[in-house]
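Notes for the structure review
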Amino acid sequence: MRVLWLTNDLPPRAGGIQQFVGNLLDRVHPDDTLVVGPAGDDEAAAHDARQRYRTVRLPGPVFPTPRTLRSTLTVGRSHRPDVVVLGASWPLGELAGRLGDGLGVPVVSLSHGLEAGLPGVGLGRLVRRATRDLAALTTISDWTEDRLRPHVAAPRLVRVPPGVDEERFTPDVDGGRLRERWGVPPDAPLVGCVSRLVPRKGQDRLVRLWPRVRAAHPDAWLVVVGEGPLASRLARAAADAGGRQAGIVLAGRAPWEDLPACYAALDVFAMPCRTRLAGTDVEGLGIVYLEAQACGVPVVAGDSGGAPEAVRPGETGTVVDGRDDDAIVAAIDGWLADDRGRADAGAVGRAWVERQWSWTAIAERFARLLDDVVGA
Ligand code: GDD
């Protein structure tokens, strides 16, 4: 099976779609895959050179422009694919018809949170247009699928959620090295968030509310890992809340190889995400919750979109209203105060991820979908 991917989201840039696409690329016909992706720097070139699949980077972002179409058709013709895969259906699905016709093959697309937010603000027609020329569309959660289904024009809707590499993300990873780098004492209770720094994820509330958590747990620390547009506002909020003196560390972006240790260093993972912008800025699922649970860490999740589906409330974590300060503080406080509960939740979470969110099974499902659309 020869596969041509077109995607604006590709490692080494950090993010859920990047992580999702990168994991599928590693596992589904990597030796026969060509990726057309966004412009990259030296780090991207080094990353691309290490992969089994070949990557061609366009001069800028991958938007559905005539130029993207021309370049993709040119490299696509020399690759001779059996199928084209789009990393996200909106807006790239706009090119599906012309790509499929130009290369004479079916086009399949992944979907994420953004597409599912569109119908809620009266933009279901954009979903219809972007899916009308697809052979199949994948969905990541019940929540996104329920919202997309009435608007999807593609004949097939198939669940392919993002997963976790359960061999990399394990409770056995040593997080001590990261605690040392962050300047957090080895035995201090540690709450953390790993995510892009954007308002939806709720790091602003974690930082602002931290003094309230610390009032009950004077030795506890908070680490916020990631980079993004909220960085300078968070730095100001952290300083207002007392900075390092108050046990707050803003750690910046973590290299990919350090991610498992970032989670393993924590006692509680907290990302109280909240839906914004009339429902268009919404959590489709939340890989970070799965990564934390794979490392045996209980999670505090927000109730945005499909995020509650990435937790087993009461068993592996707590789902809170991401706008309810008292609920966020109470959830973190509850887990910090309960050593036994954390250990139990960690074990249940790890087993659940192994059973339900392993990349191996998810990638097989995706490979079968490609077989089906090519054979159809
Ligand atoms: N290397 C690195 N460094 N990775 C990071 C960093 C960092 O500093 N910060 C976050 N990440 C990684 C996380 O480890 C995780 O794998 C991913 O980026 C974030 O994933 P999500 O929590 O899923 O968030 P998203 O908003 O970027 O992703 C969107 O698409 C996902 C896939 O469909 C959302 O819609 C998610 O809900 C959805 O799961």
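Below or above, wherever it landed, is the structure these notes cover. None of these values were measured; they are calculated from a predicted model. (Residues numbered from 1 in each chain as written. Predicted model: local features only at pLDDT ≥ 70, side-chain atom pairs only at ≥ 80, totals over all residues. Heavy atoms only, no water.)

A look at the overall build of the protein chain
Worth spelling out the cut-off: Only DSSP runs of H or I covering at least 4 residues are called helices, and only runs of E covering at least 2 are called strands; the numbering of each starts at the N terminus. Taken over C-alpha atoms, the radius of gyration is set against a globule rule of 2.2 Å times the number of residues to the power 0.38. Working definition: with a 1.4 Å probe on protein chains only, accessible area under 20% of the residue-type maximum means buried, over 50% means exposed, and in between means partly exposed. Contacts were defined at the residue level, with two residues in contact if any of their heavy atoms lie within 4.5 Å.
Per the secondary structure count, the protein chain includes 15 helices and 13 strands. The C-alpha atoms of the protein chain give 21 Å as radius of gyration, which agrees with the globular expectation for 376 residues (21 Å, within 12%). Overall, the protein chain is about 65 × 40 × 40 Å in size when its C-alpha atoms are taken along their principal axes. Within the span of the protein chain, comprising 376 residues, buried residues form 57% of the whole. Excluding contacts between residues fewer than 6 apart, the proportion of contacts in the protein chain whose partners are at least 24 apart in sequence is 71%.

Side note on the layout of surface pockets
The criterion, for reference: Of the two site types, the cavity is a set of points on a 1 Å grid over the protein atoms alone where a 1.4 Å probe fits but cannot get out, and the pocket is an open set with protein on both sides within 12 Å along at least five of seven lines, each lined by residues with an atom within 4 Å of a point. Grid points are joined across faces, edges and corners, and a volume is the space filled by probe spheres set on the points. Residue classes follow a fixed rule: Ala, Val, Leu, Ile, Met, Phe, Trp, Tyr, Cys and Pro count as nonpolar, while Asp, Glu, Lys and Arg count as charged, and any other residue, Gly among them, counts as polar. Domain limits in this description derive from either an automatic procedure or a database domain assignment.
Taken as a whole, the largest pocket holds about 1000 Å³ of empty space. Lining the largest pocket are 48 residues; nearest its centre among them are G15, G16, I17, Q18 and R196. Sorting the residues of the lining of the largest pocket by element identifies α1 (16–27), α5 (113–117), α11 (259–264) and α12 (287–294) as the ones contributing at least two each. Class assignment for the residues of the lining of the largest pocket results in 24 nonpolar, 14 polar and 10 charged. Per-domain counts for the lining of the largest pocket show at least three residues from each of domain 1 (3–163 + 358–375) and domain 2 (176–356). In this model, the second largest pocket occupies a volume close to 430 Å³. Contributing to the lining of the second largest pocket are 22 residues, with P11, D26, H47, R168 and W256 lying nearest its centre.

Comments concerning the nonpolar core
To keep it simple, the criterion reads: Nonpolar cores are built from buried Ala, Val, Leu, Ile, Met, Phe, Trp, Tyr and Cys residues. Side-chain atoms within 4.5 Å join them into one set.
Of all hydrophobic cores here, the largest spans 92 residues; its most connected members are W5, L24, W182, F269, Y289, I332 and F366. Broken down by element, the residue count for this core peaks at eight residues, all from helix α15 (residues 359–375). Two domains share this core, each providing at least three of its residues, namely domain 1 (3–163 + 358–375) and domain 2 (176–356).

Quick notes on the site of the ligand
Worth spelling out the cut-off: The nearness test applies per residue and asks whether one of its heavy atoms lies within 4 Å of the molecule or strand. The term polar contact refers here to a pair of N or O atoms within 3.5 Å; inside protein, the definition further demands a hydrogen-donor-capable atom paired with an acceptor-capable atom, and it admits residues adjacent in sequence only when both atoms are side-chain atoms. More than half of a molecule's atoms within 2 Å of the grid points is what it takes for that molecule to sit in a cavity or pocket.
G16, H112, R196, A254 and E291 are the nearest of the 28 residues found near the ligand. A distance of 2.7 Å is found between an oxygen atom of the ligand and a side-chain nitrogen or oxygen belonging to R196. Put simply, the ligand lies in the largest pocket. Of all the secondary structure elements, the ones that give two or more residues to the shell around the ligand are α1, α11 and α12. Ranked by residues supplied to the shell around the ligand, first place goes to α1 with four residues. Two domains each donate at least three residues to the shell around the ligand, and these are domain 1 (3–163 + 358–375) and domain 2 (176–356).

Honestly, it's all geometry; don't read function into it.
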